[in-house]
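# Residue-level structure breakdown
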Amino acid sequence: MSDKLELPQGTLDLLILKAVALEPRHGWGISERLRQISSAALSIRQGSLYPALHRLERRGWVKARWGVSDNNRRAKFYELTRSGRAQLERDTDAWQRLAASVAQVLESE
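All figures in this text were calculated on a predicted structure; none of them were measured in a lab.

The rules we used
Residues numbered from 1 in each chain as written. Predicted model: local features only at pLDDT ≥ 70, side-chain atom pairs only at ≥ 80, totals over all residues. Heavy atoms only, no water. Core = buried A, V, L, I, M, F, W, Y, C linked by side-chain atoms within 4.5 Å. Buried < 20%, exposed > 50% of the residue type's maximum accessible area, 1.4 Å probe, protein only. Helix = DSSP H or I, 4+ residues; strand = E, 2+ residues; numbered from the N terminus. Contact = heavy atoms within 4.5 Å. Patch = residues over 30% accessible without salt bridge, like charges linked within 9 Å, V, L, I, M, F, W, Y side chains within 5 Å. Areas by Shrake-Rupley, 256 points an atom, 1.4 Å probe, with all protein chains shown as cover. Salt bridge = Lys/Arg side-chain N within 4 Å of Asp/Glu carboxyl O. Pairing = 2+ DSSP bridges.

Let us look at the nonpolar core. Ile-16, Leu-17 and Ile-30 are the most contacted members of the largest nonpolar core, which totals 21 residues. Those elements that provide at least two residues to this core are α1 (11-19), α2 (27-37), α3 (46-58) and β3 (74-80). Sort the elements by how many residues they give to this core and α1 lands first, with 6 residues. Each residue touching Ile-30, except ones within four places of it in the same chain, is listed here: Ile-16, Ala-19, Val-20, Arg-25, Leu-49, Leu-53 and Tyr-78.

The grouping of Trp-95, Leu-98, Val-102 and Leu-106 at the surface amounts to a nonpolar patch, some 410 Å² of accessible area in total. On the secondary structure map, Leu-106 appears in helix α4 (residues 82-107).

Time to look at the sheet that holds strand β2 (residues 62-68). In a beta sheet, neighbouring strands are held together by backbone hydrogen bonds and run either parallel or antiparallel to one another. The 3 strands are arranged β1-β3-β2 in an open sheet whose pairing can be described as antiparallel. In this open sheet, the two strands that pair with only one neighbour each are β1 (25-26) and β2. In terms of strand pairing, β2 meets β3 through 7 bridges, oriented antiparallel. By the bridge assignment for β3, Val-68 is matched with Arg-74.

Even without a glycine there, the phi angle at Ser-39 is positive, about 55°. Residue position: Ser-39 is located in the loop between α2 and α3. With phi around 65°, Asn-72 is a residue other than glycine that occupies positive phi space. Within the fold, Asn-72 resides in the loop between β2 and β3. Looking at Asn-72, the relative accessible area reads 67%, which means it is exposed.

What follows is about the side chain of His-26. Turning to its location among the elements, His-26 is positioned in strand β1. Those residues in contact with His-26, other than ones at most four positions away along the chain, are Ser-69, Ala-75, Lys-76 and Phe-77.

Printed below as a string of structure tokens:
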């Protein structure tokens, strides 16, 4: 059995917003941060990550700028906007309420 987890639909946006909440990150850096803090249980494929980043950018929740990565390569860095921070708070609250409700059902007899 694999230790990798499949993300429920809609969860990736929340995780990306959380990953860029502290500091701007480029796509690979976002993916690595999520892998790192999930103890490698979450592995985000580029085919999922970049469409999600573009969607978040269109919604105005992240903004992108070109910069230079740690290995001296040109990369697009994404950072949270004010409306993105508000969305992160709403989504985090909704996720925590949902997770608590699911746990309550699973722990019932």
